[in-house]
Amino acid sequence: SLYFWQAENNMTWNSGKFQALRLGSNNTLKEETLLFTDSMAQVIEPTEEVKDLGVLFASDATFKNQRRSAVRKTSNKTSWVLRTFRTRAPGPMRTLWRSLCQPHQDYASQLWSPVDSPGELAAQEAPLRSFTRRIVGLRDTPYWERLAECKLLSTDRRQERYKIIYAWKIIQGMVPNCGMTFSNP
């Protein structure tokens with residue numbers, strides 16, 4: 001159907017970029033079927049992980065690699081910010097975090113952020129924890145007090161907030177419902 005659509009819309013797919021991600025429990029179907037490019041020129045090879053719109057999807061339907069990638073990108077960006085900017089004053093540091101570092105950690109977090117272990121949650125919080133420790137006068141202050149002083153939300157709280165906003169948008173009909181069900185208490 002994709003190939004019929006491309007012909008009807010005067011488009012051409014770049015079949016060299018096709019990847020097949022096999023999900024589900026039917027191993028026979030996954031192992032014994034092949035997908036081909038148009039005109040049966042090439043087999044589309046199945047992969048264990050696919051990146052789509054900047055999000056890593058794994059064949060086991062987990063987002064562990066996406067979470068690791070988000071933490072790595074955020075940590076790299078915070079290191080760059082700390083090397084590049086001399087100021088450690090709370091106001092500019094808050095602005096630098098929110099504009100340059102936080103977007104790497106928050107992108108599509110409604111999809112991949114459900115964290116099922118305390119270790120993963122600590123890993124998600126680590127870049128912000130480290131960054132706020134560098135702010136003048138806050139080095140020895142407890143993490144939650146540093147956040148309050150800087151008027152920042154924890155990573156877990158921000159991601160929870162994004163999920164609540166998305167659920168509200170579903171209820172209001174502003175975005176499509178991707179399978180969420182709601183029940184009255």
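In what follows, the structure referred to is the one given above.
Below is a short write-up of the structure.

Rules behind the numbers
Residues numbered from 1 in each chain as written. Predicted model: local features only at pLDDT ≥ 70, side-chain atom pairs only at ≥ 80, totals over all residues. Heavy atoms only, no water. Helix = DSSP H or I, 4+ residues; strand = E, 2+ residues; numbered from the N terminus. Patch = residues over 30% accessible without salt bridge, like charges linked within 9 Å, V, L, I, M, F, W, Y side chains within 5 Å. Areas by Shrake-Rupley, 256 points an atom, 1.4 Å probe, with all protein chains shown as cover. Salt bridge = Lys/Arg side-chain N within 4 Å of Asp/Glu carboxyl O. Pairing = 2+ DSSP bridges. Buried < 20%, exposed > 50% of the residue type's maximum accessible area, 1.4 Å probe, protein only. Arc of directions from axis to C-beta. Contact = heavy atoms within 4.5 Å. Axes fitted to C-alpha atoms, helices over the stretch in contact; angles between N-to-C directions. Parallel < 35°, antiparallel > 145°, perpendicular 65-115°, else oblique. Phe/Tyr/Trp six-rings, centres within 6.5 Å; stacked < 30°, edge-to-face > 60°. Lys NZ or Arg CZ within 6 Å of the ring centre and 35° of its normal. Core = buried A, V, L, I, M, F, W, Y, C linked by side-chain atoms within 4.5 Å.

1. With respect to unusual backbone geometry
Here is step 1: Despite not being glycine, Asn10 shows a phi value in the positive range, around 55°.
Here is step 2: Structurally, Asn10 is set in the loop between helix H1 (2-8) and strand S1 (20-21).
Here is step 3: A positive phi angle is found at Leu53, which is not glycine, with a value near 55°.
Here is step 4: Positionally, Leu53 belongs in the loop between strand S5 (49-52) and strand S6 (55-58).

2. Focus on a nonpolar patch on the surface
Here is step 1: Side chains of Ile171, Met180 and Phe182 sit close together on the surface and give an oily, nonpolar patch of about 300 Å² of accessible area.
Here is step 2: Looking at the secondary structure, you find Ile171 in helix H8 (residues 155-171).

3. Regarding the pairing of S6
Here is step 1: Relative to S6, S5 runs antiparallel, the two sharing four bridges. Paired with Lys51 across the two strands is Leu56, which belongs to S6.
Here is step 2: As consecutive antiparallel partners, S5 and S6 are separated by two residues, and within that stretch Leu53 has a phi angle of approximately 55°, a positive value.

4. Things to note about helix H7 (residues 143-150)
Here is step 1: Within the sequence span of H7, burial applies to Tyr143, Arg146, Leu147 and Cys150. All buried residues of H7 lie within an arc of 100° about the axis, which places them on one face of the element. Among the exposed residues of H7, those pointing more than 90 degrees away from its buried face are Trp144, Ala148 and Glu149.
Here is step 2: Residues of H7 that are buried in the fold lie against helix H4 (90-106) and helix H6 (118-133).

5. Thoughts on the packing of helix H3 (residues 64-84) against H6
Here is step 1: Viewed as axis vectors pointing N to C, H3 and H6 meet at an angle of 10°, and their least axial separation amounts to 9 Å. Judged by the inter-axis angle, H3 sits roughly parallel to H6. Contacts from Lys64, Arg67, Val71, Thr74, Ser75, Thr78, Val81 and Leu82 of H3 reach H6 at Glu120, Ala123, Gln124, Pro127 and Phe131.

6. Considering the environment of Arg139
Here is step 1: Structurally, Arg139 is set in the loop between H6 and H7.
Here is step 2: Residue classification places Arg139 among the exposed positions, given a relative accessible area of 52%.
Here is step 3: Separated by 40 residues in sequence, Arg139 and Gly179 place their C-alpha atoms 44 Å apart.

7. Details of the packing of aromatic side chains
Here is step 1: In total, this model carries four aromatic pairs according to the counting rule given.
Here is step 2: Ring centres 5.6 Å apart and planes at 65° place the aromatic pair Phe57 and Phe63 in the edge-to-face group.
Here is step 3: A residue is classified by how much of its surface remains accessible, and Phe57, at 25% relative accessible area, is partly exposed.
Here is step 4: The cationic tip of Arg129 hangs over the ring face of Tyr143; the distance from NZ or CZ to the ring centre is 4.1 Å.

8. Quick word on the nonpolar core
Here is step 1: Counting residues in each nonpolar core, the largest one holds 14 residues, and the members touching the most others are Trp97, Leu128, Phe131 and Leu152.
Here is step 2: With four residues, H4 is the single largest residue contributor to this core.
Here is step 3: With residues near it in sequence (within four places) discarded, Phe131 still touches Thr78, Val81, Leu82, Met93, Leu96 and Trp97.

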